[in-house]
Amino acid sequence: MSAIRAEGVSEVTDADFGYEVLGGERPVLVQFTAEWCGPCRQLAPVLADLAAEEAERLKVVQLDVDRNPETPVAYGVLSMPTLMVFRDGEPVWQSVGARAKRRLKADLAGAGVL
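Structure report, in brief. What you are looking at is a predicted structure, and each value in this text was computed from that prediction instead of being measured. (Residues numbered from 1 in each chain as written. Predicted model: local features only at pLDDT ≥ 70, side-chain atom pairs only at ≥ 80, totals over all residues. Heavy atoms only, no water.)

Quick notes on the overall build of the protein
If you tally the helices and strands in the protein, you get four helices and five strands. Helices (α) and strands (β) of the protein occur, in sequence order from the N terminus, as β-α-β-α-β-α-β-β-α. In terms of overall dimensions, the protein is globule-like: its C-alpha atoms have a radius of gyration of 12 Å, near the 13 Å expected for 114 residues. C-alpha extents for the protein along the principal axes are approximately 30 × 30 × 25 Å. Accessible area for the protein stands at about 5,700 Å²; split by element, carbon and sulfur atoms hold 49% of it. Positive and negative charge centroids in the protein, built from 12 and 17 side chains respectively, lie 8 Å apart. (Helix = DSSP H or I, 4+ residues; strand = E, 2+ residues; numbered from the N terminus. Rg over C-alpha atoms; globule rule 2.2 N^0.38 Å. Areas by Shrake-Rupley, 256 points an atom, 1.4 Å probe, with all protein chains shown as cover. Lys, Arg positive; Asp, Glu negative; His and termini not counted. Charge placed at Lys NZ, Arg CZ, Asp CG, Glu CD.)

Here is the structure:
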């Protein structure tokens, strides 16, 4: 497991990404992260809060890019943290970098995710 795992945010792998993310019934926010990533650490409590507050509408997961290199390559992820929302098996929103919870929620609402 990743050393920066946010409470309430499950970890996915290359092996279960299809089932956990692409096959989800509700939108899934994926944080592509790495243990060495400082901004990822800053984002962890934001994602934990978001996961708790929006559990009915949004599933929040993270994927460690060092331990799971196939999925980031498949989606062109080059920088950490990258946030990507998947709906019905397709990416519908993406952002790079840490952000405050208010801004993240506003961005997700603007994209029709929340």
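Section: the state of the cysteines
One pass over the full model with this rule turns up one disulfide. Paired through a disulfide, cysteine 37 and cysteine 40 show a sulfur-sulfur distance of 2.3 Å. Since a negative S-S torsion denotes a left-handed disulfide, the cysteine 37-cysteine 40 link at about 80 degrees is right-handed. (Disulfide = S-S within 2.5 Å.)

With respect to the pattern of salt bridges
A complete count under the given rule lists ten salt bridges for this structure. A salt bridge links arginine 57 to glutamate 54, with the shortest nitrogen-to-oxygen separation between them at 2.7 Å. For arginine 103, the salt bridge identified is with aspartate 107, shortest N-O distance 3.8 Å. Of this pair, arginine 103 and aspartate 107 both sit in helix α4 (residues 101-110), four residues apart, which is roughly one turn of the helix. What emerges from the salt-bridge pattern is a single network uniting Asp49, Glu53, Glu54, Arg57, Lys101 and Lys105. (Salt bridge = Lys/Arg side-chain N within 4 Å of Asp/Glu carboxyl O.)

Digging into the environment of lysine 59
On the secondary structure map, lysine 59 appears in strand β3 (residues 59-64). In sequence terms lysine 59 and valine 30 are 29 residues apart; their C-alpha atoms lie 8.5 Å from each other. In this structure, lysine 59 is in contact with Glu20, Arg26, Pro27, Val28 and Leu29, ignoring residues within four places of it in sequence. A polar atom in the side chain of lysine 59 sits 2.6 Å from the side chain of glutamate 20. (Contact = heavy atoms within 4.5 Å. Polar contact = N/O pair within 3.5 Å; in protein donor to acceptor, adjacent residues only side chain to side chain.)

Quick look at the packing of aromatic side chains
Taken as a whole and assessed by the stated rule, the structure comprises three aromatic pairs. Each ring, one from phenylalanine 17 and one from phenylalanine 86, has its centre 5.5 Å from the other, and the planes form 85 degrees; the classification is edge-to-face. You can see phenylalanine 17 sitting in helix α1 (residues 17-22) and its partner phenylalanine 86 sitting in strand β4 (residues 82-87), a full 69 residues away along the chain. When its relative accessible area of 3% is taken as the criterion, phenylalanine 17 is described as buried. (Phe/Tyr/Trp six-rings, centres within 6.5 Å; stacked < 30°, edge-to-face > 60°. Buried < 20%, exposed > 50% of the residue type's maximum accessible area, 1.4 Å probe, protein only.)

Quick word on helix α2 (residues 38-53)
The terminal C-alpha atoms of α2, which comprises 16 residues, lie 24 Å apart, in line with the 22 Å expected from a rise of 1.5 Å per residue. In α2, a bend of some 35 degrees at alanine 44 exceeds every other bend along the element, and proline 45, a proline, comes one to four places later. Those residues of α2 that fall on the buried side of the exposure criterion are Cys40, Leu43, Ala44, Val46, Leu47, Ala48, Leu50 and Ala51. (Expected span 1.5 Å × (residues − 1). Bend = angle between axes of the 7 residues up to and from the residue.)

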